[in-house]
Number of protein chains: 2
Amino acid sequence: MSVSRSERRTRPQTVARREEILKAAMATFGAKGYNKGPLTEIADQVGMTHAGILHHFGSKNALLLEVLQYRDATDVEALPEHHIPDGADLFRHLVRTAFLNAQRAGIVQAYAVLSAESVTDDHPARPFFQQRYTTLRGEVAHAFRVMCQEAGVDEPTTVDKAAASILAVMDGLQIQWLLDPTAVDLAEASEFAIEAIVAQVLTPRETPLRRPAD
Amino acid sequence: MSVSRSERRTRPQTVARREEILKAAMATFGAKGYNKGPLTEIADQVGMTHAGILHHFGSKNALLLEVLQYRDATDVEALPEHHIPDGADLFRHLVRTAFLNAQRAGIVQAYAVLSAESVTDDHPARPFFQQRYTTLRGEVAHAFRVMCQEAGVDEPTTVDKAAASILAVMDGLQIQWLLDPTAVDLAEASEFAIEAIVAQVLTPRETPLRRPAD
DNA sequence: CCTACCGATCGGTAGG
DNA sequence: CCTACCGATCGGTAGG
């Protein structure tokens, strides 16, 4: 009986080693960004040389992409039923995520740094984040439509703007919180903003800003 | 009559040259980030060698800080009366800024990339952005208090969260817009979110999210 | 403001 | 998974 290539790749030891590397890479890329996060630092954390990392992942570039996919996969596994909730539950889930994020600065920083870095010229993570935001906006927009339907409201003009805004405010608060954790309450502020945006979609109101001035 | 040191530093030619360099640096740091944006690329844009840049600014680090200060100073000069408006006018100003930003992706990208990069270990721009957000949050919070007072509302519990959220949603939308300009309308979405948050501060409402679930 | 150069960092490859 | 090494990039300095 021969041992196939894919089976060798799947050896428990190798899988475990790769996971160690992925976690170390997340830490280094989170702390220093992709461009400034050296393979040697990742290697040190798992007790090998940087050539060993390249042996496992082929290139630094490929490692980055696996790091991003690994985190997403881990997060999805943590969901009930392994899928994202819908309607009002989605927004409750997002609020809960913000509370969770307030206790894992490392992961928050990795995403914040890498997503912003990804808009630079020819960044390897750009397609990943492009796809990620497209998917997330679609999910949030869908949740909005479900909520509107349940509430008997048919005003979906703002849904797309609101979906982007929900994700945006969560991301933006993370940056401010990472810069100054005592000045910004990540969880409470996220909750407030999400509720504000949801309320504006369901029962839109004019604001004093509407009077044109200046 | 002797020529003082400071006068030499102030020679029109030198000032103009430095401004050229600052603009070129903004372009390079915006396109590639600080860590990956080489002095040679900045030098090429203004027709000198990278040693010439260092002659003018001392170090890459110092150049970055001057770039950030230069942009802020330029923006303040563009304001009516050279100071930031207050009350509802501040929020109108922020909306107008979002519309303006939708037509200057380069500057938007520079701030988005550099602010996120600044949260990494020992980044030279970290104190700058820390200070910047502290100041901006204070100004937005003050505008909220003025608006509440004018409206006869005394509910400032949410003011600080709302101030951070306003800035956050503008920043977060910029990232999504830079990644996918056709999928996100930076100006319209910013306006929507700002109005949603302002409305929630002035006349807060419970939302369907309040029912605890899951 | 340039030429010339140093010192350090870093990703990747060879070859085992 | 390591040793050894290459090739390239880059910030900064000397010395003019």
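Presented here is a report on the structure given in the accompanying data block.

Rules used throughout
Residues numbered from 1 in each chain as written. Chains lettered and ligands numbered in written order. Predicted model: local features only at pLDDT ≥ 70, side-chain atom pairs only at ≥ 80, totals over all residues. Heavy atoms only, no water. Helix = DSSP H or I, 4+ residues; strand = E, 2+ residues; numbered from the N terminus. Buried < 20%, exposed > 50% of the residue type's maximum accessible area, 1.4 Å probe, protein only. Contact = heavy atoms within 4.5 Å. Areas by Shrake-Rupley, 256 points an atom, 1.4 Å probe, with all protein chains shown as cover. Near = heavy atom within 4 Å. Polar contact = N/O pair within 3.5 Å; in protein donor to acceptor, adjacent residues only side chain to side chain. Nonpolar A, V, L, I, M, F, W, Y, C, P; charged D, E, K, R; others polar. Arc of directions from axis to C-beta. Least-squares fit on C-alpha atoms with pLDDT ≥ 70 in both. Buried area = accessible area lost by both parts, 1.4 Å probe. Salt bridge = Lys/Arg side-chain N within 4 Å of Asp/Glu carboxyl O.

This part covers the overall build of chain A. A tally of helices and strands in chain A yields ten helices and zero strands. When its helices and strands are written in sequence order, chain A yields α-α-α-α-α-α-α-α-α-α. Across its three principal directions, the C-alpha atoms of chain A cover 70 × 45 × 30 Å. Of all 214 residues assigned to chain A, the portion counted as buried reaches 50%. A sequence separation of at least 24 residues applies to 67% of the contacts in chain A between residues at least 6 apart. If you sum the accessible surface of chain A, you get close to 10,400 Å²; carbon and sulfur atoms cover 53% of it.

So, on to the protein's contact with DNA strand D. Taken together, the neighbourhood of DNA strand D is formed by 16 residues, with Arg17, His55 and His56 of chain A together with His50 and Lys60 of chain B sitting nearest. Within the side chain of His55 of chain A, a nitrogen or oxygen atom sits 3.0 Å from a base nitrogen of DNA strand D. Only α4 (50-57) of chain A together with α4 (50-57) of chain B provide two or more residues apiece to the surface near DNA strand D. Examining the composition of the surface near DNA strand D, we find that four residues originate from one element, α4 of chain A, more than from any other. Here the residues of the surface near DNA strand D sort into six nonpolar, eight polar and two charged.

Residues and elements named next belong to chain B. Those residues of helix α3 (residues 39-46) lying buried are Leu39, Ile42, Ala43 and Val46. Taken down its axis, α3 places every buried residue within 100 degrees of arc, on the same side. Among the structural elements, α2 (12-36), α4 and α5 (60-77) are those in contact with the buried residues of α3. Gly47 occupies a position one or two residues after α3 and carries a positive phi of about 70 degrees.

Turning next to the relation of the copies chain A and chain B. After a rotation of 180 degrees and a shift along the axis of 0.0 Å, chain A superposes on chain B with an RMSD of 0.0 Å. With respect to symmetry, the two chain copies, as superposed, fit the operation of a two-fold axis. Looking at the rotation axis and the C-alpha trace of chain A, the residue lying nearest is Val169 of chain A, at 2.0 Å. Most of the interface of chain A is mirrored in chain B: 100% of its interface residues are interface residues there too.

The next point concerns the environment of Ala62 of chain B. Position of Ala62 of chain B relative to the elements: it lies in helix α5. The exposure class of Ala62 of chain B is partly exposed, given its relative accessible area of 27%.

Below, the discussion takes up unusual backbone geometry. Even without being glycine, His82 of chain A reaches a positive phi, approximately 60 degrees. Despite not being glycine, Glu81 of chain B has its phi angle at roughly 65 degrees, a positive value. Assignment of secondary structure puts Glu81 of chain B in the loop between α5 and α6 (88-101).

Bringing the interface of chain A and chain B into the picture now. At the interface, 67 residues of chain A touch 67 residues of chain B. In total, about 5,700 Å² of surface goes out of reach between chain A and chain B, with carbon and sulfur atoms giving 63% of it. For the pair chain A and chain B, the interface holds zero salt bridges. Here chain A and chain B share 17 residue pairs in polar contact (both at pLDDT 80 or more) between them. Looking at which element gives the most residues to the side of chain A that touches chain B, the answer is helix α10 (residues 186-202) of chain A, with 14 residues.

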